[in-house]
Amino acid sequence: MTERRWSVDLTVKRNFATQGVVLLTLATCVVLGLLMSAAATAGPRPLAPLPKVKMPSKAKVEVGKLMFFEKRLSGDADRSCADCHIPEQGWAFPEPLSIGYPGTLHYRNAKTVLNARFAKYFYWDGRLDGGNDLPTQARDSMTDSHFMAADGRIMGQRMKQIPQYVKMFKKAYGKEPHFGVIIKALGDFEKTLVSRNVPLDKYLKGDKNALSAKAKQGLALFEGKAGCIQCHDGLMLSDGKPHATGVPVNPDIFEVKRYTTLRSQQMFLGTPNYYNLKQDPGFFATEKNSKFFGTFVTPSLREVSKTAPYMHNGVLPTLEAVVDFYNVGGIREATNKDPLIRPLGLSGSEKTALVEFLKSLAGDDLGYRTADYTADKMPPYELLKWVGKDN
Ligand code: HEC
Ligand code: HEC
């Protein structure tokens, strides 16, 4: 009975109803099977153009922009976001390792804030959730003693001493400036820092002439022989996962000021043995599992041609150096090194093609000039006007 019901003998009893059920069941099994095997062996996601996104109101962006360039938002009123994320330098910092709060130096390369709203995680070690929570990231940058060392309540009070800001915040958010709304404004400004007119995006949307022949060859290598897409996939050309690639240690992190920052920050993150680290532990600090020691979350490659030097510690000065690095299979035999990093056997012209492709990921300059936001051009404190008012 059972056997008859489930056997697919199409030549004998042509009971169409049963046959239909059998076929439907078979089809369902096949589809489910395919879905499950796809999930089990999910390959890289295809590259995708940036989506159209909603921008905050002009009033919010205007005040958020000024906050981004505002040095008075740091403890000693001498560091703004834009000091380390310089518009003319791809909104990153042009040295291998970042500066820090005055008197300190940092031990990592400053990442770009371009397209941050699309990032899955923030920082090289992915220690913060990404783009849909830009204000929390801004809070972290402002309060971190190695970046801006700001006290939120004091920053709110300072901004209230600047009548133009009081007006602008009222207009944009219906509130006087306070810490919560300041970080919101920073996030709203960052939402507008999105690549425009990117050759790769135009190509992916169907404009076959948007990439040069050389860049197209580079794209084919990126997705094929060079295997870059295995980790640099999807919208941001990043899988959002940690990998060790064999980047050499930058000996400058042991310079006393930078090493002090490293120890101090790793202590705050709860990293075991933070006092004796011989290298940047990377994502290990986030996950505390030794299989992640020395791994870093795959960075986005959008705008990458504007943000030299490269890697978490800036040891690779140019895109050519990065491609050479991958071509030899990573320079260092690091612990936890990803097996995908292996010698690639790329010829000279293939290497040039890859570089050409990487250059096609940069869009138009957004038109901001640091010189327009120097301290003397920012709205002034007008303390006297407030005397006698309850503020
Ligand atoms: C003194 C230098 C400095 C200042 C000031 C600074 N940053 Fe950064 N920023 C860095 C460095 C260095 C990193 C990378 C740190 C890491 O990965 O551990 C970074 C990372 C970031 C990231 C993460 C990007 C990503 O995709 O992972 C964002 C977003 C960011 N900063 C925004 C800001 C904002 C907003 C401000 C101002 C409120 C600011 N930064 C102030 C140096 C600085
Ligand atoms: C196993 C995953 C993996 C593969 C495969 C891979 N990358 Fe990376 N890529 C990373 C990680 C992780 C980093 C950051 C490493 C670090 O800072 O220590 C990185 C960094 C980079 C950077 C520097 C970005 C910046 O802002 O500093 C570039 C450029 C880059 N990769 C290009 C490529 C190219 C081109 C290929 C193919 C030849 C490739 N990657 C293959 C994971 C990978």
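Note that this is a predicted model, so its numbers are computed, not measured.

1. Considerations on the overall build of the protein chain
Scanning the protein chain from N- to C-terminus turns up 14 helices and 4 strands. Going through the 391 residues of the protein chain one by one, you find that 40% of them count as buried. For the protein chain, the share of sequence-separated contacts (at least 6 apart) that also reach a separation of at least 24 residues comes to 68%.

2. Some thoughts on the nonpolar core
V63, M67, I182, A185, L186, F222 and L354 are the most contacted members of the largest nonpolar core, which has 83 residues in total. At 7 residues, the largest contribution of residues to this core is made by helix α8 (residues 179-191). Each of domain 1 (58-195 + 375-386) and domain 2 (199-359) accounts for three or more of the residues forming this core. When neighbours within four sequence positions are excluded, I182 is seen to be in contact with M67, M155, G156, M159 and P177.

3. Digging into the site of ligand 2
For ligand 2, the set of nearby residues contains 25 residues, the closest of which are C228, C231, Y310, H312 and Y326. Per-element tally for the shell around ligand 2: the top contributor is helix α13 (residues 319-327), with 3 residues. For the shell around ligand 2, the residue count by class is 16 nonpolar, 8 polar and 1 charged.

4. Brief notes about the site of ligand 1
Taken together, 26 residues lie around ligand 1, and C81, C84, S98, Y123 and S141 are the ones closest in. Elements represented by at least two residues in the shell around ligand 1 include exactly α4 (81-84) and α5 (134-143). Considering each element in turn, the shell around ligand 1 owes the most residues, 4 residues, to α5. Across the shell around ligand 1, the residue classes tally to 15 nonpolar, 6 polar and 5 charged.

5. Description of the packing of helix α3 (residues 58-68) against α8
Relative orientation and spacing of two packed helices are given, respectively, by the angle between their axes and the distance between those axes. Between α3 and α8, the shortest axis-to-axis distance is 7 Å and the interhelical angle comes to 100°. Classified by the angle between their axes, α3 and α8 sit roughly perpendicular to one another. Along the contact surface, α3 presents K60, V61, V63, G64, K65, M67 and F68, while α8 presents I182, A185, L186, D188 and F189. Classifying every residue of the contact of α3 with α8 gives 8 nonpolar, 1 polar and 3 charged.

6. Comments concerning the confidence of the model for the protein chain
The pLDDT averaged across the protein chain works out to 90; a share of 87% of its residues lies at or above 70. Taken together, the stretch residues 1-26 has pLDDT below 50 and engages in 3 contacts with residues farther than four places along the chain or on a different chain. In this model, residues 32-40 is a region of pLDDT below 50 whose contacts with residues beyond four sequence positions or in other chains number 0 contacts.

7. So, the environment of V53
Looking at the element boundaries, V53 is found in the loop between α2 (16-40) and α3. With 10 C-beta atoms packed within 10 Å, V53 lands in the exposed category. On a C-alpha basis, the gap between V53 and T192 in space is 9.2 Å, while along the polypeptide they are 139 residues apart.

8. Regarding the environment of M148
Within the secondary structure, M148 sits in the loop between α5 and α6 (152-160). In this structure, the C-alpha to C-alpha distance between M148 and S74, residues 74 residues apart in sequence, is 4.6 Å. Excluding its chain neighbours within four sequence positions, the residues that come into contact with M148 are L73, S74, G75, R79, Y101, S141 and M142.

9. So, the packing of α5 against α8
Two elements in contact, α5 and α8, have axes separated by 8 Å at closest approach and are oriented at 115°. Pair α5 / α8 crosses with right-handed handedness. When α5 is examined against α8, the residues L134, P135, A138, R139 and M142 are found in contact with a partner set consisting of I183, K184, L186, G187, E190 and K191. Across the contact of α5 with α8, the residue classes break down as 6 nonpolar, 1 polar and 4 charged.

10. Describing helix α10 (residues 213-223)
Listed as buried for α10 are A215, G218, L219, L221 and F222. Angularly, the buried residues of α10 cover 165° about the axis, an arc narrow enough to put them on a single face.

Conventions we followed
Residues numbered from 1 in each chain as written. Chains lettered and ligands numbered in written order. Predicted model: local features only at pLDDT ≥ 70, side-chain atom pairs only at ≥ 80, totals over all residues. Helix = DSSP H or I, 4+ residues; strand = E, 2+ residues; numbered from the N terminus. Buried ≥ 20, exposed ≤ 12 C-beta atoms within 10 Å, placed from the backbone. Contact = placed C-beta atoms within 7 Å. Core = buried A, V, L, I, M, F, W, Y, C linked by C-beta atoms within 7 Å. Domains from an automatic or database assignment. Near = placed C-beta within 6 Å. Nonpolar A, V, L, I, M, F, W, Y, C, P; charged D, E, K, R; others polar. Axes fitted to C-alpha atoms, helices over the stretch in contact; angles between N-to-C directions. Parallel < 35°, antiparallel > 145°, perpendicular 65-115°, else oblique. pLDDT = per-residue confidence, 0-100. Left-handed = near helix turned anticlockwise from the far one by under 90°. Arc of directions from axis to C-beta.

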